[in-house]
Each structure stands twice: as C-alpha cells, then as structure tokens.
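Next come the chains, spelled out residue by residue.
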Amino acid sequence: MWQPEPTVIAAEAALRKIDKWSRQRLTVLTGKTAQRCIAGIMMATSTLSIGIGVIPYVPALLALPTLIFAFGMTLRDGLIVLIGLILFLIVAVGVAMMA
C-alpha cells in the first residue's frame, strides 16, 4: 500500500492551517485593479531577478513576495496580499541599498 512521504504529510498539515486561518478580507487588495498592480510588481520583481541574479540569494529573496502574492490572490485574502506587499517593499529597499 502506498504511503505518502513525511514531507508531503507535513506540507498538507501546514496548508490545512493556512486554509483555516485565511478567509476573504480586504477584498480591495484582490480586485481587478489590484490584480493589475500586483502583476506589475511581479514583472518588476522578475526583471530585477534577472538583472541582479549574480548576487547570491537575492533572486530567492525577490521570489518570496511573489509566492506570498500568489497565495493571497489564490485564497482571495487581502491580508496575505498586504503582507506580500510589505515584504516586497522591505526586499526592494534592501536590494536598493546593496546596489
């Protein structure tokens, strides 16, 4: 009988916790206009990742807000999107200070 890997079990448990915690809130951050703004931020982040990819770990730092934006948009949870936006600003300021 097939048994799932321990990492799959742990990931499923984490996703269940996120699913219980998330709900539709701050819907202005998940609307059509916000989707376009977030798409622009993601395009800027992708462009920065290509240009600054020679510095170790920076592309991974730039990918983290994209992951959080994706979670927030998928769950339609504006609070998660707001957390992603704050994280993006922190990373962008950090990268700007490095340059």
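For the structure, check the block above.
Reading guide: rules and limits
Residues numbered from 1 in each chain as written. Predicted model: local features only at pLDDT ≥ 70, side-chain atom pairs only at ≥ 80, totals over all residues. Heavy atoms only, no water. Core = buried A, V, L, I, M, F, W, Y, C linked by side-chain atoms within 4.5 Å. Buried < 20%, exposed > 50% of the residue type's maximum accessible area, 1.4 Å probe, protein only. Helix = DSSP H or I, 4+ residues; strand = E, 2+ residues; numbered from the N terminus. Contact = heavy atoms within 4.5 Å. Patch = residues over 30% accessible without salt bridge, like charges linked within 9 Å, V, L, I, M, F, W, Y side chains within 5 Å. Areas by Shrake-Rupley, 256 points an atom, 1.4 Å probe, with all protein chains shown as cover. Salt bridge = Lys/Arg side-chain N within 4 Å of Asp/Glu carboxyl O.

Chemist: Teacher, can you tell me more about the nonpolar core here?
Modeler: Generally speaking, nonpolar side chains in soluble globular proteins are found buried as a group. The biggest cluster of nonpolar side chains holds 6 residues, and these are I38, I41, F69, M73, V81 and F88. Contributions of two or more residues to this core are made by α2 (32-51), α3 (58-75) and α4 (78-98). Once residues within four sequence positions are removed from consideration, F88 is found in contact with I41, T45, P65 and F69. I52, L62, V91 and V95 belong to the second largest nonpolar core, which has 5 residues in total.

Chemist: What is the right way to look at a nonpolar patch on the surface in this model?
Modeler: Residues L26, L82, L85, I86, L89 and I90 make up a contiguous nonpolar surface patch of about 500 Å² in total accessible area. By secondary structure assignment, the location of I86 is in helix α4. The class for I86 is partly exposed, based on a relative accessible area of 45%.

Chemist: Explanation requested: unusual backbone geometry in the structure shown.
Modeler: Glycine aside, residues mostly have negative phi angles, and peptide bonds mostly take the trans form. For L26, which is not glycine, the phi torsion reads 50° and is therefore positive. Here L26 shows up in the loop between α1 (6-21) and α2. The phi dihedral of R76 is positive, around 55°, even though this residue is not glycine. Tracing the sequence through the fold places R76 in the loop between α3 and α4.

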